[in-house]
Amino acid sequence: MTVERLEDDKLQEFFDGELPEGEAEVIRREILDSETNRSRLAALEQLRDLLVLAADDVAAELSADDLYAKIRKGIDAERQGGEHRTLTAVEGGGARPVEGWKVWLPVAAGLAVAAAVLLFVLQPGEGVGPTEEQPELRVEADEPGMTVVEPPAGSEVEEVDFGANVGTVFEIEGEAGEPIAVVWINDEEPEQATQ
Amino acid sequence: MTPLSTRISRCLPAVAALVVATLAAPAQAQRPGTVRGEVLVVLAKEAAGRMDPALANVPALRRPPFNAFRSMEVLSRPRVDLRVNRPTTVELPNGRRLQLVLQQVMPDGRYRVRVSINRPNQNDYLPLLQVVASPGDPFFVAGQSHQGGTLVIGIRIGERRTDPAASSMRARRPTKRR
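Criteria and thresholds
- Residues numbered from 1 in each chain as written.
- Chains lettered and ligands numbered in written order.
- Predicted model: local features only at pLDDT ≥ 70, side-chain atom pairs only at ≥ 80, totals over all residues.
- Heavy atoms only, no water.
- Helix = DSSP H or I, 4+ residues; strand = E, 2+ residues; numbered from the N terminus.
- Buried < 20%, exposed > 50% of the residue type's maximum accessible area, 1.4 Å probe, protein only.
- Expected span 1.5 Å × (residues − 1).
- Arc of directions from axis to C-beta.
- Phe/Tyr/Trp six-rings, centres within 6.5 Å; stacked < 30°, edge-to-face > 60°.
- Pairing = 2+ DSSP bridges.
- Salt bridge = Lys/Arg side-chain N within 4 Å of Asp/Glu carboxyl O.
- Axes fitted to C-alpha atoms, helices over the stretch in contact; angles between N-to-C directions.
- Parallel < 35°, antiparallel > 145°, perpendicular 65-115°, else oblique.
- Left-handed = near helix turned anticlockwise from the far one by under 90°.
- Contact = heavy atoms within 4.5 Å.
- Nonpolar A, V, L, I, M, F, W, Y, C, P; charged D, E, K, R; others polar.

**Student:** What exactly am I supposed to notice about the overall build of chain B here?
**Tutor:** The helix and strand tally for chain B stands at two helices and nine strands. Seen in sequence order, chain B has helices and strands lined up from the N terminus as α-β-β-β-β-β-β-β-β-β-α. Across the 178 residues in chain B, those meeting the buried criterion constitute 44%.

The following block contains the structure:
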């Protein structure tokens, strides 16, 4: 008698104990009669054990190295004991690609594209608003296709050291209302003869 | 009909002028990597006197606190070519030296400059002044005594945009960059 391969959903429902009693019994017999189905059920059990193991380790606050060692040990045990390689460790990119590449490659490509788009969008002056370090620029267009960038007008004092003298910093208004910096320093020392 | 040689000889002056103008233009233009600046040294006095007509285009000097002076004379107006982090020195009439250092051309187009005014090998007047200025907009350092008056030093870095439309726009409607 040839037993067909059980559907994944059906096997998972049996494994999870979600099938009615009668159907569960039928499935159990099909599994017993099929080496393939038995292996698949064993793989599910191993996976559950690994998850339980991981959860216990997290609960016990084990180090990540210990956790990885245990997971790795479980993977190796599965590799040696079963004909189905449902889990495979990839060693630093040197191992052959496994079935997982079909998932990770598109994800990695998507992330790369997203990063590129993000970098493009966040180019200075192309979408980032003014910051404290970069004062707001004034942009006007004289004609279509022509953009004029105007720096903030005027001048301002950022730092001044009057030394031994007394000084004052003024700000006067320019023609268009722009601030013009004026530094006035009293000249206390007697003036030397001009050459 | 005018001979060809005659026509060529008539064109020669124009061609020569064109060549000279072409060769002279780069010499007058700002050198690459430099920013042109100007230092205006004015002797201002409270006594009534002449206002130097050369200052007619410096309206800031007619505003307080400079409007207390009733005479002004331009003593010198040296031009300087500034390079980033290269000190440039201007001799002042009172024996002090004004040192200008262009520190940075900022992303918004303004210039960050450091100024000091001291006697040689001394630190007697203005050890440090750091200013951020828009191209062509001046800033002033005043107060040194000289020949019965006061020195007013105006410093202007770069050239202001001469486009009147742009100037009016700047005053009219500032807009955020998107």
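**Student:** I tried to follow helix 2 (residues 21–32) of chain A on my own but got confused; where do I start?
**Tutor:** Given 3.6 residues to a turn, an α-helix orients residues that are three or four positions apart in the same direction. All names here are of chain A. The terminal C-alpha atoms of helix 2, which comprises 12 residues, lie 17 Å apart, in line with the 16 Å expected from a rise of 1.5 Å per residue. Among all positions in helix 2, only A24, I27 and I31 are buried. Down the axis, helix 2 shows its buried residues gathered within 65 degrees of arc, on one side only.

**Student:** How should I be thinking about the packing of aromatic side chains in this particular structure?
**Tutor:** The description of an aromatic ring pair uses the distance of the two centres, along with the angle that the planes make with each other. Taken as a whole and assessed by the stated rule, the structure comprises three aromatic pairs over all chains. With a centroid separation of 6.0 Å and 10 degrees between ring planes, the pair formed by W184 of chain A and F69 of chain B is classed as stacked. Taken together, the positions of W184 of chain A in strand 5 (residues 179–185) and F69 of chain B in the loop between strand 1 (35–45) and strand 2 (71–76) put the pair across two chains. By the burial criterion, W184 of chain A is buried, and F69 of chain B matches it. Here the aromatic residues W184 of chain A together with F66, F69 and F140 of chain B are joined through ring pairs into a cluster of three or more.

**Student:** What is the right way to look at the pairing of strand 8 (residues 138–146) of chain B in this model?
**Tutor:** Remember that side chains alternate between the two faces of the sheet whenever the strand is regular. The buried fraction of strand 8 of chain B amounts to eight of the nine residues, a majority that puts the element mostly inside the structure. Inspection of the sheet shows strand 5 of chain A paired to strand 8 of chain B by three bridges, in the parallel sense. Along strand 8 of chain B, the bridge assignment pairs V182 of chain A with F140 of chain B. The pairing of strand 8 of chain B with strand 9 (residues 149–157) of chain B spans eight bridges and is antiparallel. By the bridge assignment, F140 of chain B is partnered in strand 9 of chain B with G154 of chain B. Connecting strand 8 of chain B to the antiparallel partner strand 9 of chain B that follows it, the hairpin turn spans two residues, and Q147 of chain B within it adopts a positive phi of roughly 45 degrees.

**Student:** What am I meant to see in the pattern of salt bridges here?
**Tutor:** Pairs can form between side chains of opposite charge whenever their charged atoms are close. Evaluation of the coordinates by the stated rule reveals 17 salt bridges over all chains. Where E158 of chain A meets R112 of chain B, a salt bridge forms, and the shortest distance between an N and an O atom there is 2.7 Å. Here the residue E158 of chain A occupies a position in strand 3 (residues 155–161), and R112 of chain B occupies one in strand 6 (residues 111–118), the pair thus bridging two chains. On the basis of relative accessible area, E158 of chain A is assigned to the partly exposed category, the value being 36%. On the basis of relative accessibility, which here comes to 18%, the residue R112 of chain B falls in the buried class. For R77 of chain B, the salt bridge identified is with E38 of chain B, shortest N-O distance 3.1 Å. Linking R77 of chain B in the loop between strand 2 and strand 3 (79–82) with E38 of chain B in strand 1, this pair joins segments that are 39 residues apart in sequence. Take E38 of chain B: its relative accessible area is 12%, and that puts it in the buried class. Bridged by salt links that share partners, the residues D187 of chain A together with R96, R119 and D124 of chain B form one connected network.

**Student:** What exactly am I supposed to notice about the packing of helix 1 (residues 8–16) of chain A against helix 2 of chain A here?
**Tutor:** Two numbers describe a pair of packed helices, the interaxial angle and the distance between the axes. Residues and elements named next belong to chain A. Running from N to C, helix 1 and helix 2 cross one another at 110 degrees; their axes reach a closest spacing of 10 Å. Here helix 1 is positioned roughly perpendicular relative to helix 2, judged by the angle of their axes. For the pair helix 1 and helix 2, the sense of crossing is left-handed. Between helix 1 and helix 2, the contacting residues are K10, L11 and F14 on the first element and E23, A24, I27, R28 and I31 on the second. Split into classes, the residues belonging to the contact of helix 1 with helix 2 amount to five nonpolar, no polar and three charged.

**Student:** Please clarify how the pairing of strand 4 (residues 167–173) of chain A should be interpreted in this entry.
**Tutor:** Residue and element names in this part refer to chain A. Pairing of strand 4 with strand 5, which is carried by seven bridges, proceeds in the antiparallel orientation. Directly across from E173, in strand 5, lies its bridge partner P179. Hairpin connection between strand 4 and strand 5: a loop of five residues separates the two successive antiparallel strands, and G177 in this loop has a positive phi of roughly 90 degrees.

**Student:** Looking at this model, I keep getting lost on the environment of V39 of chain B. Mind explaining?
**Tutor:** All names here are of chain B. By secondary structure assignment, the location of V39 is in strand 1. Residue V39 is classed as buried on the basis of its relative accessible area, which comes to 0%. As a C-alpha pair, V39 and F139 span 100 residues in sequence and 10.0 Å in three-dimensional space. Residues in contact with V39, not counting those within four places in the same chain, are S76, R77, P78, V90, L98, L100, I153 and G154.

**Student:** Would you mind showing me how to read the sheet that holds strand 3 of chain A here?
**Tutor:** Adjacent strands of a sheet form backbone hydrogen bonds with each other and so pair up, either parallel or antiparallel. If you trace the five strands from one edge of the open sheet to the other, you get 3(A)-7(B)-6(B)-5(B)-4(B), paired in antiparallel fashion. Since the sheet does not close on itself, it has two edges, and those belong to strand 3 of chain A together with strand 4 (88–91) of chain B, each with one partner. Neighbouring strand axes in the sheet, compared pairwise and without regard to direction, differ in orientation by 20 degrees on average. Bridge analysis of strand 3 of chain A against strand 7 (residues 126–133) of chain B gives six bridges, and the strand direction is antiparallel. Paired with S155 of chain A across the bridge in strand 7 of chain B is A133 of chain B.

**Student:** For this particular structure, what's the right way to read the environment of I180 of chain A?
**Tutor:** The topology assignment puts I180 of chain A in strand 5. Apart from residues lying up to four places away in sequence, I180 of chain A is in contact with G154, S155, F170, E171, I172 and G174 of chain A together with P138, F139 and F140 of chain B.

**Student:** How do you make sense of unusual backbone geometry when you look at a structure like this?
**Tutor:** The general pattern is negative phi for most residues beyond glycine and trans for most peptide bonds. All names here are of chain B. Omega for the bond connecting P64 with P65 falls within 30 degrees of zero, at 5 degrees, which places this linkage in the cis form. Unlike most non-glycine residues, N85 shows phi in positive territory, near 65 degrees. Given the relative accessible area of 55%, N85 is considered exposed. One non-glycine residue, N121, lies in the positive phi region at around 60 degrees.

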